[in-house]
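Next come the chains, spelled out residue by residue.
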Amino acid sequence: MNEVKTPKKPLIFYYGIAMVVLLLLNMLVMPLITQHQVEEVDYGTFIKMTENKEIGQVEIEDNQILFTNKDKSKIYKTGLLNDDGLVQRLYDSGAEFSGEIVEQMSPLMSFIVSWVLPVVLFVVLGQLLSRQLMKKMGGPNAMKFDMGKSSAKVYVQSSDGIKFADVAGEDEAKENLSEVVDYLHNPNKYKEIGASMPKGILLVGPPGTGKTMLAKAVAGEANVPFFSMSGSEFVEMFVGMGASKVRDLFRQAKEKAPCIVFIDEIDAIGKKRDNQLSTNDEREQTLNQLLTEMDGFEGNNGVIILAATNRPESLALTRPGRFDRRVPVELPDLAGREAILRVHAKKIKVAPDVDLAKIARMASGASGAELANIVNEAALRAVRDGRASATQADLEESIEVVIAGYQKKNSILTTREKLIVSYHEIGHALVAAKQTNSAPVQKITIIPRTSGALGYTMQVEDGDHYLMSREEIENKIATFTGGRAAEEVVFHSVTTGASNDIEQATKLARAMITRYGMSDNFDMVALETVTNQYLGGDASLACSAETQAEIDRQVVDLVKKQHAKAVRILQENRPKLDELAKFLYEKETITGEEFMEILNQ
Ligand code: ADP
């Protein structure tokens, strides 16, 4: 229970309030209820009123006398003195003797006020408190104390009516998964021949490519319940809960079979168990439980486990009899991007002139989730500008918003900085154009973005490229150095603006030597292994120290050579460089066509 932190401040706060309320009750309300409108008078007044026969009712108590006036509208009290003839005189004056002049609080009432009310108050406050606590800890089930079986949590979810048709592109994945759907529809067909479905299917791919959607679509197509849980949820909960949650999930799933169990981010529990330094008992137990459950499945019981991950290599799960089928879910290609845009554009109003193919080309490298976001941003932009539908310009701007962040409206670039950024961006574009003789960019802008980018060059693909030649990579490195080269050629000084270019150029150059076999003397030897390819890639060198030094030397040589080439290109085209940079400086945004027009004049 060490995760349950009692929120100290609120607790004291609530008890403080309770104390104050009780005190006020005691000081103000109680006296009002018990002794309303009793006026204290001296004994002389009492005698005088007796003599004047002004007394209505009278009650003699142990140490005081309570009495009323004739019409009983007022109550008085006075101390009790040793007065022998008192009773006789009162009787003579015609006063009524009564036991209940003052409606002293009834015993029941006083019991309620002094005992029941505080208890009720505390119970109510306690309820309030615990509800707040539960909210903080993530739902009422978190407060369950019989954690062994948190049967209250139901894992079944709606698949939101998602069908394969809603998932654009990803045809291979869909084809692969439609077999599962067919199996769920018609298990006998498979049983007859003795085939059984894989117990687990692992969807592998970068974030936002539609893995969750695909899993839901399988459930939607097969019309079966969809159980969903995220791997991190298993291990984030209370210590010792992970394993029982797995048990729970599978128990529920078996009851509802046939069904789909989807475990997102399975890498959170499926880490390879070779790193003894960071053993996490909780994760171990959860993983063991998951494996036990999967091993315990008889082939054809109708529970299909789909899991998603973007770190396939860190999984200990891909062994026969477990997740023995992998379905790659890759970033969409050009056609895929267009299809995804089309699916999402249907949900908003778009102007008739919108060219989604062009948008797809501009948004190269975007994931499905980013494309969905681009369409939504375009719709938001249209609303902001008070238009009834999203236009091509909206979509183009939102690509930049999603990729580079919003425009910084009140940018604070000095004139000189703006000039440097203009030259820098034109430097990239000019080097690229001179090497390939084609329009290198879709658009260049020097409007700063909230992401921190001062300028931005949007590249376009004509189609998809799967192979890159050595020359192409070298040209790319030269293009990366083109920005810095322009600064050197024109201003004879350098700025920090090239940091990202430097990183990219180095990465490419290093990969050429260590992974693509494009070095002078290492031939086809892999000197580096890459893990987490879907999350940027973490490279680790696998070679001797001397080789490392040699790699470093070659990387520097390679980049230097391309940098020199970029400088040469810019020097040879200095007039065009100046003209284009001036044009960009004035217009702040220019298109690829405008760029080529000036270049070819
Ligand atoms: P993942 O699970 O791979 O991280 P999701 O399935 O959660 O990705 O996708 C996030 C969102 O991105 C979806 O809700 C959907 O709007 C959009 N999306 C991603 N891929 C596609 C696709 N292939 N077709 C349509 N929409 C997609």
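Cut-offs and rules
Residues numbered from 1 in each chain as written. Predicted model: local features only at pLDDT ≥ 70, side-chain atom pairs only at ≥ 80, totals over all residues. Heavy atoms only, no water. Near = heavy atom within 4 Å. Polar contact = N/O pair within 3.5 Å; in protein donor to acceptor, adjacent residues only side chain to side chain. Areas by Shrake-Rupley, 256 points an atom, 1.4 Å probe, with all protein chains shown as cover. Helix = DSSP H or I, 4+ residues; strand = E, 2+ residues; numbered from the N terminus. Nonpolar A, V, L, I, M, F, W, Y, C, P; charged D, E, K, R; others polar. Phe/Tyr/Trp six-rings, centres within 6.5 Å; stacked < 30°, edge-to-face > 60°. Buried < 20%, exposed > 50% of the residue type's maximum accessible area, 1.4 Å probe, protein only. Lys NZ or Arg CZ within 6 Å of the ring centre and 35° of its normal. Expected span 1.5 Å × (residues − 1). Pairing = 2+ DSSP bridges. Salt bridge = Lys/Arg side-chain N within 4 Å of Asp/Glu carboxyl O.

## A look at the site of the ligand
Line of reasoning, step 1. In the vicinity of the ligand there are 15 residues, among which A168, G208, K211, T212 and H344 approach most closely.
Line of reasoning, step 2. G210 places a main-chain nitrogen or oxygen 3.1 Å from an oxygen atom of the ligand.
Line of reasoning, step 3. Side-chain polar atom of T212 to an oxygen atom of the ligand: 2.6 Å apart, as the coordinates give it.
Line of reasoning, step 4. Surface burial for the ligand is 78%, taken as the share of its 570 Å² of free accessible area covered by protein chains.
Line of reasoning, step 5. Those elements that provide at least two residues to the shell around the ligand are α7 (211-222), α11 (334-345) and α13 (368-384).
Line of reasoning, step 6. Looking at side-chain class alone, the shell around the ligand contains seven nonpolar, six polar and two charged residues.

## Remarks on the packing of aromatic side chains
Line of reasoning, step 1. Applying the stated criterion across every chain, the model contains six aromatic pairs.
Line of reasoning, step 2. Between Y183 and Y190, the aromatic rings sit 5.4 Å apart at their centres with planes inclined by 80 degrees, giving edge-to-face as the arrangement. Here Y183 and Y190 have matching classes, each one buried.
Line of reasoning, step 3. Three or more aromatic residues joined by ring pairs make a cluster, and in this case those are Y43, F46, F67 and Y76.
Line of reasoning, step 4. For the cation-ring pair, K418 lies above Y585, with the distance from its terminal atom to the ring centre recorded as 4.7 Å.

## Re helix α9 (residues 241-256)
Line of reasoning, step 1. Between its terminal C-alpha atoms α9 stretches 22 Å, which fits the 22 Å expected from 16 residues at 1.5 Å a residue.
Line of reasoning, step 2. Residues of α9 that are buried: M241, G242, A243, S244, K245, V246, D248, L249, F250, Q252 and A253.

## Digging into the sheet that holds strand β3 (residues 64-69)
Line of reasoning, step 1. With respect to topology, five strands assemble into an open sheet ordered β1-β4-β3-β2-β5, the strand pairing being mixed. The sheet terminates laterally at β1 (38-40) and β5 (96-97), the two strands that pair on one side only.
Line of reasoning, step 2. Pairing between β1 and strand β4 (residues 75-79): three bridges, direction parallel. Across the sheet, V38 pairs through a bridge with I75, a residue of β4.

## Some words on the pattern of salt bridges
Line of reasoning, step 1. Applying the stated criterion across every chain, the model contains 21 salt bridges.
Line of reasoning, step 2. With a shortest N-O distance of 2.6 Å, R387 and D394 are connected by a salt bridge.
Line of reasoning, step 3. Taking the relative accessible area as the measure of exposure, R387 reaches 32% and is therefore partly exposed.
Line of reasoning, step 4. Looking at D394, the relative accessible area reads 0%, which means it is buried.
Line of reasoning, step 5. With its nearest N and O atoms 2.8 Å apart, the salt bridge here joins K587 to E594.
Line of reasoning, step 6. Given a relative accessible area of 40%, K587 falls into the partly exposed group.
Line of reasoning, step 7. The exposure class assigned to E594 is partly exposed, which follows from its relative accessible area of 22%.

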